[in-house]
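Descriptive structure summary
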Amino acid sequence: MGNSLKAIAAFVPSNKCQKYLLEDLEEMPVDKMVDLSGSQMRWLPVHICSFRELVKLYLSDNNLNHLPPELEQLQNLQILALDFNNFKALPLVVCTLKQLCILYLGNNKLCSLPLELRLLQNLKTLWIESNCLQYLPEVVCELSLLKTLHAGSNALRTLPPQLQCLQELRTIWLSGNLLSEFPPVLLDMPFLEVIDVDRNSIRFFPSLAHLPGLKLVIYDHNPCRNAPKVAKGVRRVGRWSEETPEPRKRSGAVIEIHEKPLLPPAAKTEPE
């Protein structure tokens, strides 16, 4: 019954209905976090924007397609989760939240990102998976502190060469796209630690053995004819991953390394 009432209240923009959706949340929470995920909201209750010391705001799994301009008041916000909503464009007010470290935009209907995204110079984690992106917006390459980029399950066919400017980038998830070749720009990013190109259309992998920071490469479910060569200690997930690409001899013996692979993140992360 409660969920049904919330679904009805979500259609009515009155103060009483907003308070019902907020479940009498009238004061700033002690932990400086508000989680309204799965509340069936069609708009964000403006009252939330009065919590100016708010650090974390979770609005996942609702029916949002816009945000109020009053959101700009949340200048201390570090984590904003807008995934699993109905955004066709990123509301520009999000780009005014200059303390954001983590931004979740996955599972929406985004075809592009605004140039104003470059204002989020503290952003370290960006999730834009499961949208309608046919190319990686070049503005992402201007987020100089970005460490984790999740752009899986889009329609990407290539990556912009400007991506190599992101020298803080350590993890890039590109699974479920339309890549027909391994993105050349990644070969010029020696600081990358995790590369995921699972479920693409890559037929040939160049050697990755020259990437000193690489720890894990996931290349499964590609029509490839070879496994990527990697340096000692790098873990691979995909066809022929159990084979040592370049056997290393020590005292006449061949040493093989078999380690349990890391898996893509299943949960949202906190700022470092």
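Here, the structure is the one placed above.
Description of the structure in this document. (Residues numbered from 1 in each chain as written. Predicted model: local features only at pLDDT ≥ 70, side-chain atom pairs only at ≥ 80, totals over all residues. Heavy atoms only, no water.)

**What to know about the sheet that holds strand β8 (residues 194–196)**
Two orientations exist for strands paired in a sheet by backbone hydrogen bonds: parallel and antiparallel. Sheet architecture is open: ten strands sit in the order β1-β2-β3-β4-β5-β6-β7-β8-β9-β10, paired in parallel fashion. Where the open sheet ends on each side, the last strands, each with one partner, are β1 (33–35) and β10 (235–237). Averaged over all pairs of adjacent strands, the angle between their axes in this sheet comes to 5°, without regard to strand direction. Strand direction decides the pairing type here: β1 and strand β2 (residues 56–58), joined by three bridges, are parallel. Each residue of the ladder has a partner; that of Met 33, found in β2, is Lys 56. (Pairing = 2+ DSSP bridges. Helix = DSSP H or I, 4+ residues; strand = E, 2+ residues; numbered from the N terminus. Axes fitted to C-alpha atoms, helices over the stretch in contact; angles between N-to-C directions.)

**Some details on the side chain of Ser 175**
Mapped onto the fold, Ser 175 is located in the loop between β7 (171–173) and β8. Judged by relative accessible area, which is 9%, Ser 175 ranks as buried. (Buried < 20%, exposed > 50% of the residue type's maximum accessible area, 1.4 Å probe, protein only.)

**What to know about the pattern of salt bridges**
Enumeration over the complete set of coordinates arrives at three salt bridges. A salt bridge links Lys 215 to Glu 193, with the shortest nitrogen-to-oxygen separation between them at 3.9 Å. With a gap of 22 residues between them, Lys 215 in the loop between β8 and β9 (216–218) and Glu 193 in the loop between β7 and β8 connect regions that are remote in the sequence. For Lys 215, a relative accessible area of 45% puts it in the partly exposed group. Take Glu 193: its relative accessible area is 25%, and that puts it in the partly exposed class. (Salt bridge = Lys/Arg side-chain N within 4 Å of Asp/Glu carboxyl O.)

**Let's talk about the packing of aromatic side chains**
One pass over the full model with this rule turns up three aromatic pairs. Taking the centre distance of 5.4 Å and the plane angle of 70° together, the rings of Phe 205 and Tyr 219 count as edge-to-face. Taken together, the positions of Phe 205 in the loop between β8 and β9 and Tyr 219 in the loop between β9 and β10 put the pair 14 residues apart, joining distant regions of the chain. Tyr 219 shares its class with Phe 205; the two are buried. (Phe/Tyr/Trp six-rings, centres within 6.5 Å; stacked < 30°, edge-to-face > 60°.)

**A closer look at the nonpolar core**
Ranked by internal contacts, the top residues of the largest apolar core, which has 69 residues, are Leu 126 and Leu 186. Each residue touching Leu 186, except ones within four places of it in the same chain, is listed here: Leu 159, Leu 163, Ile 172, Leu 174, Leu 192, Ile 195 and Leu 211. Among the nonpolar cores identified, the runner-up in size contains seven residues, and Tyr 58, Ile 79, Ala 81 and Ile 102 belong to it. (Core = buried A, V, L, I, M, F, W, Y, C linked by side-chain atoms within 4.5 Å. Contact = heavy atoms within 4.5 Å.)

**As for the environment of Leu 115**
Along the chain, the position of Leu 115 falls in the loop between β4 (102–104) and β5 (125–127). What makes Leu 115 exposed here is its relative accessible area of 53%. Sequence-wise, Leu 115 and Val 139 are 24 residues apart; in three dimensions their C-alpha atoms are separated by 5.8 Å.

**A few points about the environment of Cys 95**
Looking at the element boundaries, Cys 95 is found in the loop between β3 (79–81) and β4. In sequence terms Cys 95 and Leu 117 are 22 residues apart; their C-alpha atoms lie 5.4 Å from each other. In this structure, Cys 95 is in contact with Leu 90, Pro 114, Glu 116, Leu 117, Leu 119 and Leu 120, ignoring residues within four places of it in sequence.

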